[in-house]
Amino acid sequence: MPQPNSRSKAIRPAAYTALVEALTTIYWNKDPFELYVRAMLKDHSELLAQLSFPSSTKREVSGQLVNLLQANEARYLDLTVALMLDIADMETFPNLTSQ
C-alpha cells in the first residue's frame, strides 16, 4: 500500500507570503489590525507574547507571526488555515473604506 505523502498537509511557501500581504493590508490602521490579530490568536498566548505590536509596523508584525506559524507548521497548521480562511471570507473592509 502506498504511503501518504508527508508534504500533503504542508502549506506552500507562496501561501505564507500571501498571508503576510493579506494580514498587512486588510486593515489600514494599526489598532484595528492589532485587535484582529489578538482575537484570532486568543488561544495562542505563546504567539502573542512574541509579537512586538508597539514597536513594529503592521508588515513587521505580520512577518513575525507568519514566521512563527511556518517554523512550527505541524503545531499551528489549524490556526494558519483558520487565518487564511477567515481573511478569504472577508467581503467588506470597513476600516479601509473609511479611509
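Refer to the preceding data block for the structure.
Residues numbered from 1 in each chain as written. Predicted model: local features only at pLDDT ≥ 70, side-chain atom pairs only at ≥ 80, totals over all residues. Heavy atoms only, no water.

Student: How do you make sense of helix 4 (residues 58–71) when you look at a structure like this?
Tutor: Owing to its 3.6 residues per turn, the α-helix brings residues three or four apart onto one side. The end-to-end C-alpha separation of helix 4 is 20 Å, in line with the 20 Å expected for 14 residues at 1.5 Å each. The set of residues buried in helix 4 consists of K58, V61, S62, G63, L65, V66 and L69. Tucked inside the fold, the buried residues of helix 4 contact helix 1 (13–25), helix 2 (30–40), helix 3 (45–48) and helix 5 (73–89). (Helix = DSSP H or I, 4+ residues; strand = E, 2+ residues; numbered from the N terminus. Expected span 1.5 Å × (residues − 1). Buried < 20%, exposed > 50% of the residue type's maximum accessible area, 1.4 Å probe, protein only. Contact = heavy atoms within 4.5 Å.)

Student: For this particular structure, what's the right way to read the packing of aromatic side chains?
Tutor: One pair of aromatic rings is described through two measures. These are the centre distance and the angle between the planes. With the rule as written, the count across this model stands at two aromatic pairs. Both rings, one in Y27 and one in Y36, keep their centres 5.6 Å apart while their planes meet at 40°; by these two values the pair is tilted. Judged on exposure class, the residue Y27 and its partner Y36 are both buried. (Phe/Tyr/Trp six-rings, centres within 6.5 Å; stacked < 30°, edge-to-face > 60°.)

Student: What is the right way to look at the packing of helix 2 against helix 4 in this model?
Tutor: Between helix 2 and helix 4, whose axes approach to 11 Å, the crossing angle comes to 15°. On the basis of their axis angle, the class for helix 2 and helix 4 is roughly parallel. Relative to helix 4, helix 2 is oriented so that their crossing is left-handed. In this structure, helix 2 contributes K30, F33 and V37 to the contact, and helix 4 contributes K58, V61, S62 and L65. In terms of residue class, the contact of helix 2 with helix 4 is built from four nonpolar, one polar and two charged. (Axes fitted to C-alpha atoms, helices over the stretch in contact; angles between N-to-C directions. Parallel < 35°, antiparallel > 145°, perpendicular 65-115°, else oblique. Left-handed = near helix turned anticlockwise from the far one by under 90°. Nonpolar A, V, L, I, M, F, W, Y, C, P; charged D, E, K, R; others polar.)

Student: Looking at this structure, how should I read the packing of helix 4 against helix 5?
Tutor: Between two packed helices, the angle of one axis relative to the other and the distance separating the axes together describe the packing. Following both chains from N to C, one finds helix 4 and helix 5 inclined at 130°, their axes separated by 7 Å at the closest point. In this view, helix 4 runs oblique relative to helix 5, as classed from their interaxial angle. Note on element contacts: helix 5 touches helix 4 through E73, Y76, L79, T80 and L83, opposite L65, L68, L69, Q70 and A71. In terms of residue class, the contact of helix 4 with helix 5 is built from seven nonpolar, two polar and one charged.

Note that every value here comes from positions in space, so none of it alone points to a role or purpose.
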